[in-house]
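Architecture and fold: a report
One letter stands for each residue in the lines below.
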Amino acid sequence: MRADNKTNKKLVSGFDRLIGGLMIALLFVLFGAYSRFTIPLALSGAAYIIIQKRLDGRPKALTIILRVLAVLEFALLFCIVFGIGLDTPQRYTLRNKLYSVGNYSDSEVLAFFPDEIPQCDDYKARYGCPMVGQDARGYVNISFTTDSEGIAYIRQQAEAHGGEHYFYPPDNKAGNYDEELISRLDSYVNYPTLYEKDESVNVTELYIFPETRSRRKSCYLINTETGQVVLNW
């Protein structure tokens, strides 16, 4: 019986070290992504190991509750970081908020995005975190195809959030656009599709939003004929 108890004790202790270690390791695996979440998780992982060791021999109910909470905390952040269960139009608002709060001191960096995604098909969401040594600025690129009502909603949201409206390609002969602005619009149109070079949107309209930092291209791209929409930050 004593041998069995010792074996069980080692297994439980090993499980606690594994969970605490995974909570700490996530900090280093992500290289700075979601640091506003992962740093507290790593600290709580270290605290978890210490507390469980000190509670050795104490009431089992307390240690079991702590294990359940630790596993849930790790699993929740793991899903947030890797977008598990969040890459859908229904989770769009939640994921935007988690991305903003988890990575930036300004939780309103995506405030110019639509309040929700209209009825759509082919929804794709790409969230690039400001990882150390990679894209320090981070990016968000969301694309989908919607109907005329969805396009109308996107236009309404763009105007409500202060977007500057342009047709594309601009008709320079009309004298409404100078060469510098044409170059700027070309840059906006081409920038969002860099992440998926095999995909493109034949843009007919775009909305540009005030720059929040250098080289940031915050915009909505719209093709009114096909219903394609790209939201970019």
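Because the structure is a prediction, the values reported are computed rather than measured.

What about the packing of helix α2 (residues 35-54) against helix α4 (residues 92-103)?
The N-to-C vectors of α2 and α4 enclose an angle of 65°; their axes lie 6 Å apart at closest approach. Considering the angle they form, α2 stands roughly perpendicular to α4. Here α2 contributes Ser-35, Arg-36 and Phe-37 to the contact with α4, which in turn contributes Leu-98, Val-101, Gly-102 and Asn-103. Residues that form the contact of α2 with α4 fall into these classes: three nonpolar, three polar and one charged.

A few points about the sheet that holds strand β4 (residues 205-208)
The strands that make up a sheet are held in pairs by hydrogen bonds between backbone atoms, and each pair lies either parallel or antiparallel. Pairing is antiparallel across the open sheet formed by six strands, whose spatial order is β1-β2-β6-β5-β4-β3. The sheet is open, and its two edges are formed by β1 (120-128) and β3 (164-167), each paired on a single side. Across the sheet, the axes of successive neighbouring strands diverge by a mean angle of 10°, strand direction being ignored. In this structure, β3 lies alongside β4, joined through four bridges in antiparallel fashion.

Focus: the environment of His-165
Here His-165 lies in strand β3. The spacing of His-165 and Cys-219 is 54 residues in sequence and 9.9 Å in space, taken between C-alpha atoms. In contact with His-165, not counting residues within four places along its chain, are Glu-205, Leu-206 and Tyr-207. A polar contact of 2.8 Å, which involves the side chain of His-165, links it to the side chain of Glu-205.

Examining the packing of aromatic side chains
Under the counting rule described, the total for this entry stands at 11 aromatic pairs. Feature note: the residues Tyr-34, Phe-37, Tyr-99, Tyr-104, Tyr-127 and Trp-233 constitute an aromatic cluster, connected by ring pairs. Directly above the aromatic system of Tyr-191 lies the positively charged group of Lys-217, at a separation of 5.0 Å from the ring centroid.

Regarding a nonpolar patch on the surface
On the surface, Ile-64, Ile-65, Val-68, Leu-69 and Leu-72 cluster together to form a nonpolar patch covering roughly 470 Å² of accessible area. Mapped onto the fold, Ile-65 is located in helix α3 (residues 60-82).

Observations regarding helix α5 (residues 148-160)
Across its 13 residues, α5 extends 18 Å between first and last C-alpha, which sits within 8% of the 18 Å expected from 1.5 Å per residue. Buried within α5 we find Gly-150, Ile-151, Ile-154, Gln-157 and Ala-158. In a view along the axis of α5, the buried residues occupy a sector of 125°, so they form one face of it. When the buried face of α5 is taken as reference, the exposed residues oriented beyond 90 degrees from it are Ser-148, Glu-149, Glu-159 and Ala-160. Looking at the buried residues of α5, the elements they touch are β2 (139-146), β4, β5 (219-223) and β6 (228-232). The opening residue of α5, the one whose side-chain oxygen lies 3.2 Å from the backbone nitrogen of Glu-149, is Asp-147. The first or second residue beyond α5 is Gly-162, which carries a positive phi of 85°.

Conventions we followed
Residues numbered from 1 in each chain as written. Predicted model: local features only at pLDDT ≥ 70, side-chain atom pairs only at ≥ 80, totals over all residues. Heavy atoms only, no water. Axes fitted to C-alpha atoms, helices over the stretch in contact; angles between N-to-C directions. Helix = DSSP H or I, 4+ residues; strand = E, 2+ residues; numbered from the N terminus. Parallel < 35°, antiparallel > 145°, perpendicular 65-115°, else oblique. Contact = heavy atoms within 4.5 Å. Nonpolar A, V, L, I, M, F, W, Y, C, P; charged D, E, K, R; others polar. Pairing = 2+ DSSP bridges. Polar contact = N/O pair within 3.5 Å; in protein donor to acceptor, adjacent residues only side chain to side chain. Phe/Tyr/Trp six-rings, centres within 6.5 Å; stacked < 30°, edge-to-face > 60°. Lys NZ or Arg CZ within 6 Å of the ring centre and 35° of its normal. Patch = residues over 30% accessible without salt bridge, like charges linked within 9 Å, V, L, I, M, F, W, Y side chains within 5 Å. Areas by Shrake-Rupley, 256 points an atom, 1.4 Å probe, with all protein chains shown as cover. Salt bridge = Lys/Arg side-chain N within 4 Å of Asp/Glu carboxyl O. Expected span 1.5 Å × (residues − 1). Buried < 20%, exposed > 50% of the residue type's maximum accessible area, 1.4 Å probe, protein only. Arc of directions from axis to C-beta.

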